[in-house]
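Understanding the architecture of this molecule
Here is how the chains run, residue by residue.
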Amino acid sequence: MTSVIGNLQGVHSRIAQACAAAGRPVDSVTLLAVSKTFPAAAVRDAFDAGCRQFGENYVQEMLDKIATLADLRPQITWHLIGPLQSNKTRPVAEAVDWVHSVDRLKIAQRLSEQRPDHLGPLQVCLQVNISGETSKSGFAPADVLAAAQAVAALPRLRLRGLMAIPEPAGDMDAQRAPHRALRALLDTLNASGLALDTLSMGMSADLEAAVAEGATIVRVGTAIFGGRTYPA
Ligand SMILES: *Cc1c(COP(=O)(O)O)cnc(C)c1O
């Protein structure tokens, strides 16, 4: 608990400094606490320290935590940020507020069909393979405009913007380049008539570069919760 509080203060001050350096208001960046691999008790600690936005990577782990923390559900906004298989879209459409990792049209179509009406639209971002890594999922930049137009037309989704996981780079200039490219892509979409307000980019190691280039949501795990150990 103490460490989560102290870590959160550190992350908030990094975001504040990055905003000041970029001439941006500090409330233009939302901190998404990425709690993957950490128990529900850690989410509760972060909640008690003021976090209300939580991100998870693995569908079943996320659903389990949402169930365990049902008492907090009305106050928490849950974001899926990890890969989504088409056979898992229904429980996700029924349980979460945001999906950042839409990387195929079929996933968006299923989420739209399966989103219960009473929940209101599911907020989505398209994941973009901005560094062109063969191992990464996401739309190729050249395919994003057509995909965005198709997703924006789906009834129970609200397309909010773009998400990326840029490759780590050696220095600030190099780290800013892929974030700038994602920002430019968002500008292109908006110039073509869409009205998107979200750039989900920046993690523990590169949030300054992301904020400098216009991130509106930074997804931070390690710097809040500490190092992760994955099950073998
Ligand atoms: C794990 C993860 C994060 C958080 O990464 P940290 O380096 O721990 O801050 C952010 N985004 C995605 C998509 C992740 O999988």
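Structural data are supplied above this passage.
Residues numbered from 1 in each chain as written. Predicted model: local features only at pLDDT ≥ 70, side-chain atom pairs only at ≥ 80, totals over all residues. Heavy atoms only, no water.

A look at the environment of A22
- Examined against the element boundaries, A22 turns out to sit in helix α1 (residues 2-22).
- When sequence neighbours within four positions are dropped, the list of residues in contact with A22 reads V211 and A212. (Helix = DSSP H or I, 4+ residues; strand = E, 2+ residues; numbered from the N terminus. Contact = heavy atoms within 4.5 Å.)

A few points about unusual backbone geometry
- Positive phi, normally seen in glycine, also occurs at T37, with a value near 75°.
- Its location among the elements puts T37 in the loop between β1 (30-34) and α2 (40-48).

Here we look at the site of the ligand
- Inspection of the region around the ligand gives K36, N57, I81, I165, M203, S204, R219, V220, G221, T222 and R228 as its neighbouring residues.
- Within the side chain of K36, an N or O atom sits 2.7 Å from an oxygen atom of the ligand.
- T222 is positioned such that a nitrogen or oxygen atom in its side chain is 2.5 Å from an oxygen atom of the ligand.
- About the coverage of the ligand: the protein hides 89% of its 390 Å² of free accessible area.
- Of the residues assigned to the shell around the ligand, the class counts are four nonpolar, four polar and three charged. (Near = heavy atom within 4 Å. Polar contact = N/O pair within 3.5 Å; in protein donor to acceptor, adjacent residues only side chain to side chain. Areas by Shrake-Rupley, 256 points an atom, 1.4 Å probe, with all protein chains shown as cover. Nonpolar A, V, L, I, M, F, W, Y, C, P; charged D, E, K, R; others polar.)

Topic: the nonpolar core
- Membership of the largest hydrophobic core comes to 67 residues, with the highest contact counts inside it found for F54, V99, L111, L126 and L162.
- Judged by nonpolar contacts, the second largest core, of seven residues, contains V34, W98, M163 and I217. (Core = buried A, V, L, I, M, F, W, Y, C linked by side-chain atoms within 4.5 Å. Buried < 20%, exposed > 50% of the residue type's maximum accessible area, 1.4 Å probe, protein only.)

Description of the side chain of K36
- With respect to the element layout, K36 can be found in the loop between β1 and α2.
- This buried residue, K36, is left without a salt bridge; E56 holds the nearest opposite charge, at 8.6 Å.
- Apart from residues lying up to four places away in sequence, K36 is in contact with G55, E56, N57, Y58, E61, K65, R228 and Y230. (Lys, Arg positive; Asp, Glu negative; His and termini not counted. Salt bridge = Lys/Arg side-chain N within 4 Å of Asp/Glu carboxyl O.)

Describing helix α7 (residues 172-191)
- The terminal C-alpha atoms of α7 lie 28 Å apart, and with 20 residues this matches the ideal 28 Å at 1.5 Å per residue to within 8%.
- Of all the positions in α7, only Q175, P178, H179, L182, L185, L186 and L189 are classed as buried.
- If you follow the buried residues of α7, they end up packed against α6 (144-152), β6 (157-163), β7 (198-200) and α8 (207-212).
- A side-chain oxygen of the first residue of α7 lies 3.1 Å from the backbone nitrogen of D173; this N-cap is D171.
- Positive phi appears at G193, one or two residues downstream of α7, with a value of about 115°. (Expected span 1.5 Å × (residues − 1).)

Let's talk about the pattern of salt bridges
- Applying the stated criterion across every chain yields a total of 11 salt bridges.
- When the shortest N-O distance is used, the salt bridge between D97 and R73 registers 3.1 Å. Taken together, the residues D97 in the loop between α4 (89-95) and β4 (98-102) and R73 in the loop between α3 (59-68) and β3 (77-80) connect sequence positions 24 residues apart.
- A salt bridge links R183 to D187, with the nearest nitrogen and oxygen atoms 3.5 Å apart. With a gap of four residues between them, R183 and D187 both fall in helix α7, about one helical turn apart.
- Judged by relative accessible area, which is 34%, R183 ranks as partly exposed.
- According to the relative accessible area criterion, D187 is partly exposed, its value standing at 38%.
- Here the salt bridges share partners, and the residues they tie into one network are E56, E61 and K65.

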